[in-house]
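In case you want the letters, here they are:
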Amino acid sequence: MTSNSTLDRTDGRRPAARRGSPRPGRPRRGRGTGHRLTPYLLIAPAIILELLIHIVPMVVGVWMSFVGLTQAFIANWSTAPWEGLSAYRLALDFSSPIGNSFLHSFEVTCVYTVLVVGISWGFGMSAALVLHRNFRGRGLFRTLFLVPYAMPIYAGIMTWSFMLQRDNGLVNHVLKSLGVTGGDSFWLIGSNAFWSMVVVAVWRSWPFAFLMLLAGLQNIPDDVYDAAAVDGAGIWKQIRYITLPALRPVNLVMVLMLFLWTFNDFNTPFVLFGAQPPRSADIISIHIYGASFVNWNFGFGSAMSVLLLAFLLVVTGAYLLVFNRRSRRA
Amino acid sequence: MKRRLIPALAIVAMVAGTAACGSSSSGSSGTGGDSGSGSGTTLTYWASNQGSSIDVDKQVLGPELKKFEKQTGIKVDLQVIGWPDLLNKILAATSSGKGPDVLNIGNTWAPSLQATGAFLPFDANALQAIGGKDKFVPASFATGGVEGKDPTSVPLYSLVYGLYYNKKMFADAGLKPPTTWEELQSDARKLTDASKGVYGMAMEGGSYTEGVHFAFIFGQQHGADPFDAGGKADFTSPGMVAGVKQYVDLMSNKVVNPSSVQYKNGPEAPGDFAKGKAAMLMSQNNADNTLVADGMKTSDYGVVAIPAPAGKKDTASFVAGINMSIFKNTKHQDAALKFVKFMTSPAEQKILDVPFAALPVNAGATPNFTKNAAEAKTFQNILAERAVPLPLVADESQFETNVGNAVNQLIAQAATGKAPTSSDIKAALQQAQDKMASAG
């Protein structure tokens, strides 16, 4: 049956081709236009969506940073007064309380990012190295380590916020039964809040590092290690001279992505602390959110966002420039 | 030429398609006649979450909206919105111009939202349409917007603070409910037994709204106003500092469970009180819902006005509650006014006040939110005689967040060891004030 219908179709096509033969130019021309159009048509939805979702709001955001868009004007944006650079001056005047808290928030974010990216990379690398080798139960560990990454972010962080409660929280309970503390520490206020946030962010981010590095490791041929072993290179030397250089392209992209995600992290502090986090955990995204949605000053919030964007662009540009040049040289 | 046109046309068609999707999905106001006064109109109504859950609210409001539809032929499309999302949704609706026809707001936001110009001012005609200004309790009506302008909201549910006390714990300790703040402090000390996890006072220490409420109420007791006559922030007056200290000292004096510094959602402090872990609770009257849900009988607790320090002004609350507003760009203004009239009518108030534990907003109405007559009377007296509105200035919402957050940080400091001194408090308030000044 199937073969019959195939035959029918094949048979049916031939006469059609023959029928088309009196005007040989036509099909070719159609194909040519199609060829030229196809790439545009294929890319058009992406470009349109990119414009609508990213570029247009970004341009609007930049415009907002130059106008005094406060509560008095949000119903009719066009009437908001042009304020030029005053919002930027306000944000960058570090002697004023507002500028000072912006600077503080920036500093906290830098420390937070360095710690989270650094520790996540360390964990990811160690786990990838261990699980790269073949042993019984490897699949189980691989799956287990990916759980935080697979979990919905909000659910994960909310669970942490329960665990970090003072009275009924698991963390205090464990610390008390181990005799480390009296079990009455606060983890979500004061300076501890910062460390809680770092722990939660590392928990969430390191599986990504692990996944990327594991994939990178799979691409290094075993022969290289065998040859190194024959030459008498120990495990540390192998890591130093084979694994790390081979993982360089992976690391380059991964560290950049982790950096950008962590620097812009909003979910972790928002779910842990709400819209007004403790001062120690006031990282930049939530700081901007506070200025915009809690204090209703969207112009100032946008100015800070634009500054953040500029900073991230400069850092990303410099990073790619430096490392790409070096890898080209290498 | 033709070939170039085709991709361009395709893109234009796609953009137009996307835009069309956007406009058709956001047109939520229904399709009525242009005046929107008659039957066949559909109103969109954003209700704030008043009961113990959003579903409860839907069940309570559903039959009433059906009743309204029967009376007027106007259908109401109800959306109950949780508190954490409500203000943001209102702001988004304000800035996009695509909002509901009628909505609930926290009454303390009224002046700030009035300043956006997005809400319909209740001028003489509009007030006439909803049954006149005189049908409202004057103190509640005054929360509708800044003084001297037509209000942009009218009261729907009224709430005030009171001091709940556990009758049995007080009787066992041989105490009577306090009449001065000093008595309250000494009672709280006597009733605290930290080793058993029992404290004199329950506190929602992480809630910035509670923080600013008490900063304001106690500041008023010390004769301080957070804004001067010209509407400028004045947070660091000795009275404001003393008021904040009065509240924070509860934590410094260890008559509050230190863990409650993390309470910020609403039901935690009433929960502690209902479970006998705290002997007193300063809360708005809708705490009744939570207390009963947590197993307390209305006869187990008494309510008195929150006392003032001896010789100070006896302000015991601010006028809390929920107001109703109409979006200015509604196509169904007449229908919306009819709906506001319906919701604020004595008959509906009588029905809604029970499940939502609210005081009536109608002048002369008897509270029926509790069967405990003494409690009802106490709250009614507080609203009538000892409650003042929060500052009716456009910067009110910034006052709430900046001062409330400062109070939370001070309570956190008190809970983790170092009791804030008056100068610490003044510095924190100064910072809040500076932020307002430079942000404005």
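Residues numbered from 1 in each chain as written. Chains lettered and ligands numbered in written order. Predicted model: local features only at pLDDT ≥ 70, side-chain atom pairs only at ≥ 80, totals over all residues. Heavy atoms only, no water.

**Considering the nonpolar core**
Ranked by internal contacts, the top residues of the largest apolar core, which has 92 residues, are Tyr45, Leu250, Met282, Phe339 and Met343 of chain B. Of the residues that make up this core, three or more belong to each of domain 1 (2-159 + 323-380) and domain 2 (161-318 + 393-439) of chain B. In terms of nonpolar packing, the next biggest core, distinct from the first, is built from 45 residues, Leu131, Ala201, Leu213 and Ile220 of chain A among them. (Core = buried A, V, L, I, M, F, W, Y, C linked by side-chain atoms within 4.5 Å. Buried < 20%, exposed > 50% of the residue type's maximum accessible area, 1.4 Å probe, protein only. Domains from an automatic or database assignment.)

**Some remarks on the domain arrangement of chain B**
Residues and elements named next belong to chain B. According to the domain assignment, chain B consists of domain 1 (2-159 + 323-380) and domain 2 (161-318 + 393-439). Listed by partner, the interface residues are 20 residues for domain 1 and 22 residues for domain 2. Carbon and sulfur atoms supply 53% of the area buried between domain 1 and domain 2, which totals about 1500 Å² over both sides. In this assembly, domain 1 and domain 2 are joined by 0 salt bridges. At the junction of domain 1 with domain 2, the criterion picks out 5 residue pairs in polar contact (both at pLDDT 80 or more). By residue class, the composition of the side of domain 1 that touches domain 2 is 12 nonpolar, 7 polar and 1 charged. (Contact = heavy atoms within 4.5 Å. Buried area = accessible area lost by both parts, 1.4 Å probe. Salt bridge = Lys/Arg side-chain N within 4 Å of Asp/Glu carboxyl O. Polar contact = N/O pair within 3.5 Å; in protein donor to acceptor, adjacent residues only side chain to side chain. Nonpolar A, V, L, I, M, F, W, Y, C, P; charged D, E, K, R; others polar.)

**A short note on the sheet that holds strand β4 (residues 154-159) of chain B**
All names here are of chain B. Spatial strand order, β2-β1-β3-β10-β4: 5 strands in an open sheet with mixed pairing. Two strands lie at the open edges of the sheet, namely β2 (75-81) and β4, each paired on one side alone. Put simply, the sheet's adjacent strands are angled 20° from each other on average, direction ignored. Of the pairings in the sheet, the one linking strand β1 (residues 42-48) to β2 comprises 7 bridges and is parallel in character. Bridge assignment links Leu43 to a residue of β2, and that residue is Val76. (Pairing = 2+ DSSP bridges. Helix = DSSP H or I, 4+ residues; strand = E, 2+ residues; numbered from the N terminus. Axes fitted to C-alpha atoms, helices over the stretch in contact; angles between N-to-C directions.)

**A few points about the interface of chain B and chain A**
Contacts between the two partners involve 40 residues from chain B, matched on the other side by 37 residues from chain A. Counting every contact that joins chain B to chain A gives 0 salt bridges. In this assembly, chain B and chain A are joined by 4 residue pairs in polar contact (both at pLDDT 80 or more). Counting only elements with at least two residues in the side of chain B that touches chain A, the list comes to α1 (2-26), α3 (83-96), α4 (110-116), α16 (396-415) and α17 (422-439) of chain B. The residue inventory of the side of chain B that touches chain A, partitioned by class, reads 17 nonpolar, 18 polar and 5 charged.

**Focus: the pattern of salt bridges**
Residues and elements named next belong to chain B. This structure, assessed with the given rule, holds 9 salt bridges over all chains. Residue Lys66 pairs with Glu69 through a salt bridge whose shortest N-O separation is 4.0 Å. One end of the pair is Lys66 and the other is Glu69, both in helix α2 (residues 54-72) and 3 residues apart, which spans about a single turn. The exposure class of Lys66 is exposed, given its relative accessible area of 55%. Ionic pairing is found between Lys418 and Asp424, a salt bridge with its closest N-O pair at 3.6 Å. Classification of Asp424 by relative accessible area gives partly exposed; the value is 24%.

**Here we look at the sheet that holds strand β7 (residues 278-284) of chain B**
Backbone-to-backbone hydrogen bonds pair the strands of a sheet. The strands run either parallel or antiparallel. All names here are of chain B. A sheet is described by the order of its strands in space; here 4 strands give the open sequence β6-β7-β5-β8, paired in mixed fashion. Only two strands of the sheet have a single neighbouring strand rather than two, namely β6 (199-202) and β8 (301-304). If you compare each strand with its neighbour and ignore which way they point, the axes differ by 25° on average. Relative to β7, β6 runs parallel, the two sharing 3 bridges.

**Quick look at the packing of aromatic side chains**
All names here are of chain A. Evaluated as defined, the whole model comprises 40 aromatic pairs over all chains. Judged by centre distance (5.6 Å) and plane angle (50°), the rings of Phe259 and Phe263 are tilted. In this pair, Phe259 and Phe263 are both assigned in helix α11 (residues 248-263), 4 residues apart and thus about one turn of the helix distant. Grouped by ring-pair contacts, the aromatic residues Phe123, Phe135, Phe141, Phe145, Trp206 and Phe210 constitute a single cluster. (Phe/Tyr/Trp six-rings, centres within 6.5 Å; stacked < 30°, edge-to-face > 60°.)

**Brief notes about the side chain of His104 of chain A**
Topologically, His104 of chain A is positioned in helix α4 (residues 97-132). Here the side chain of His104 of chain A touches Arg279 of chain A through a polar contact of 3.0 Å, landing on its backbone oxygen.

**Points about a nonpolar patch on the surface**
A contiguous nonpolar patch, built from Ile43, Ile47, Leu51, Ile55, Val56, Val59, Val60, Trp63 and Trp82 of chain A and spanning about 790 Å² of accessible area, is present on the exposed surface. Its relative accessible area of 31% is what places Trp63 of chain A among the partly exposed residues. (Patch = residues over 30% accessible without salt bridge, like charges linked within 9 Å, V, L, I, M, F, W, Y side chains within 5 Å. Areas by Shrake-Rupley, 256 points an atom, 1.4 Å probe, with all protein chains shown as cover.)

**Some remarks on the pairing of strand β5 (residues 161-166) of chain B**
All names here are of chain B. For β5, a buried count of 6 out of 6 residues is recorded, marking the element as mostly surrounded by other parts of the structure. Of the strand pairs in this sheet, β5 and β7 are connected by 5 bridges, and their pairing is antiparallel. Pairing of Leu163 across the sheet is with Met282, part of β7. Where β5 lies against β8, 4 bridges are found, and the strand directions are antiparallel. For Tyr164, the partnering residue across the bridge sits in β8 and is Val303.

**Things to note about unusual backbone geometry**
Residues and elements named next belong to chain B. The phi dihedral of Lys254 falls on the positive side, at around 60°, and the residue is not glycine. Here Lys254 lies in the loop between α10 (238-252) and α11 (268-274). We classify Lys254 as exposed; its relative accessible area is 56%. If you check the backbone angles, Ala357 has positive phi at about 45° while not being a glycine. Topologically, Ala357 is positioned in the loop between α14 (346-356) and α15 (373-385). Overall, the relative accessible area of 1% leaves Ala357 in the buried class.

**Description of the confidence of the model for chain B**
All names here are of chain B. Within chain B, residue pLDDT values average 85, and 90% of them lie at 70 or more. Under a pLDDT of 50 for its full length, residues 7-36 has, in the predicted model, 33 contacts with residues more than four places off or in other chains. Scored as a complex, the prediction yields pTM 0.79 and ipTM 0.74. (pLDDT = per-residue confidence, 0-100.)

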